[in-house]
Amino acid sequence: MSLETASQKECKDPEKVVIQDVQNVYRPDVDTSSVNERKLMTRIDWHVVPWLAVLYLLNFLDRGNIGNAKLYHMTDDLHISDKQYLIALTVFFFPYSLFEPPSNLALRKLRPSMWLSFIMLVWGIAMTLHGVVTNYAGLVGLRVLLGLAEAGLYPGIVFYLSCWYKRNELGTRVGVFFSSATIAGAFSGLLAAAIHNMDGVGGKPGWAWIFILEGLVTVICAIASFFILSDFPDTAKFLNETERVWVIRRLQADMKFSAGGEKFKMKYVWQSLADWKTWLAMGIYMGFDGPLFAFSLFTPTIINQLGFQATAANLLSVPVYAWACIMTVVIGFLGDRVKTRAWVNLGLFGSGLVGYIILICSTNPSLSYFAVYLAASSIYPTIPNSVAWVSSNVEGSYKRSAVLGMAIGWGNLNGAVTSNVYRAVDKPWYRLGHGIVLAYIAIGWLCSLAFYVHLKRENAAKERGERDEVIDGVDNKRAREENGHFESIEAARREKGDHWSGFRYSL
């Protein structure tokens, strides 16, 4: 019996795998034939995705509302210069980036309902305190605390979703949840314009009420999350035992063999550090996260400098984000259907290059405003497609959490750079800032291409048998000792994860 026959039946689609090794079926004593897949997946969607979208909406709203507050004279009232304002934006990103990998590991060790709710409560309190700050030092301290607390949410949600859904389902769900970021962008402008009417209430300026009210909403939702947020499939309370077994078997059939549970070993972290996919993924995330923070923080300012007043600039950012929301959901759905995420990424990064070239060259406000739409329809949809692509090609729950934490952390660290590229001295056209964002997008395009080429080469090498392991009791002439010697196919899967010879990368 050959290794291929013993391990799996391959389809032309690498994302569809039928496990044939009956002995390794999770909980073989449980009969799952009565489960209705469509009804159960719909129930899972309603329990998992909508509340995550709410949490990320608040996360994005709280992170970017300082850009709206600035238009309402926050910097004047706090007596801080443009340079000090940029420093306050920058310090957010260091704890935000560095805390993401350990936060993801903590999430896997602890319950999502506990960990995500806790960090949300902390950042809600920090955001509320922005409204009572009176000086530059206080603002900087709160931005550091906000970055530390917000760090775990985005990579945590991405990892959490990857523990519930198959590889060809993940893009749509990430797209739906991430579309809340674009809604936050639109809602932020409307909300800021409305809340500013409270200017003078309680002796506080309008910009302070933006922070206070939005922060209090976050605190309330954090408390609710302790009771609303579900945990991982093997312990989710809204599923019965049969349904939990069915979900885990379904994920394992999609090459997520760690779905049934996995004990933490430090070697999983070292594996992620030694994997070339981690470093290319960091380049891809750098390519969209840098532009994302620049776009979200400075869109109102850019539109304002095109000749529109503060409230008009906030309101004109609304249709930009509405368009980005539509594109994010559409691309998420499309990526799951075409199953060639590489070409989607290359096309999206390409449209971003065009948008920022126009922004650099244009001196026409209307043309520049159109280019802002192009930029939005590139940056936001790239994120769910890239997230689904990277997470689908990393097996092992702890390794996947580490890879996502490092990639997202590195991407977000570049926000420290892009939050400083739109300087007041460069207004009204901000060509230096646009040029730096253009370079980031080019890096994302190149890393996406390299990621695709390497995955394709690895799949070809596995097809030729160059990655076959020596398995006790299995006659396989292509097996090589340097690929590992294991007592069973299950042991090879467990130890090697996505490097296992039977694993196929999705392109």
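Report follows, based on the coordinates. The residue count restarts for each chain, going from 1 along the sequence in the order it is written. Note on the predicted model: pLDDT of at least 70 is required for a residue's local features to be given, and 80 or more for side-chain atom pairs to be given and counted; whole-chain, interface and lining totals, by contrast, use all residues. Side-chain metrics in this entry use all non-hydrogen atoms of the structure; hydrogen atoms and water are not considered.

### Brief notes about the packing of aromatic side chains
Part 1: A pair of aromatic rings is counted whenever rings of Phe, Tyr or Trp (Trp by its six-membered ring) have centres within 6.5 Å, and the orientation is called stacked for planes under 30 degrees apart, edge-to-face for over 60 and tilted otherwise. For the coordinates displayed, the defined rule picks out 26 aromatic pairs.
Part 2: Pairing W164 with F238 gives two aromatic rings, centres 5.7 Å apart and planes at 20°, and the pair type is stacked. In this pair, W164 is assigned in the loop between α9 (153-162) and α10 (170-195) and F238 in the loop between α11 (206-228) and α12 (241-253), connecting sequence segments 74 residues apart.
Part 3: Given the relative accessible area of 1%, W164 is considered buried.
Part 4: Relative to Y452, the ring of W343 lies with its centre 5.3 Å away and its plane at 55°, an arrangement referred to as tilted. One end of the pair, W343, is in helix α16 (residues 341-361); the other, Y452, is in helix α20 (residues 431-463), with 109 residues separating them in the sequence.
Part 5: Exposure classes here rest on a 1.4 Å probe applied to the protein chains alone. A residue is buried below 20% of its type maximum, exposed above 50%, and partly exposed in between. Residue W343 is classed as exposed on the basis of its relative accessible area of 52%.
Part 6: For Y452, a relative accessible area of 11% translates into the label buried.
Part 7: The rule is short: NZ of Lys or CZ of Arg within 6 Å of the ring centre and within 35 degrees of the ring normal puts a charge over the ring. Sitting over the face of the ring of Y85, K70 holds its NZ or CZ atom 5.3 Å from the ring centroid. By definition, any uninterrupted DSSP run of H or I lasting at least four residues is a helix, any uninterrupted run of E lasting at least two residues is a strand, and each is numbered from the N terminus.

### Thoughts on the pattern of salt bridges
Part 1: The working definition used for a salt bridge is a side-chain nitrogen of Lys or Arg within 4 Å of a carboxyl oxygen of Asp or Glu. Tallying each qualifying case throughout the model produces 18 salt bridges.
Part 2: We note a salt bridge from E37 to R250, for which the minimum N-O separation is 3.3 Å. Of this pair, E37 sits in helix α2 (residues 37-71) while R250 sits in helix α12, and the two are 213 residues apart along the sequence.
Part 3: Assessed through its relative accessible area of 41%, E37 is described here as partly exposed.
Part 4: Taking the relative accessible area as the measure of exposure, R250 reaches 11% and is therefore buried.
Part 5: Here D336 and R341 are joined by a salt bridge, their closest N and O atoms 2.5 Å apart.
Part 6: For D336, a relative accessible area of 2% corresponds to the buried category.
Part 7: Among the charged side chains, a salt-bridge network with shared partners connects D275, K277, K399 and D498.

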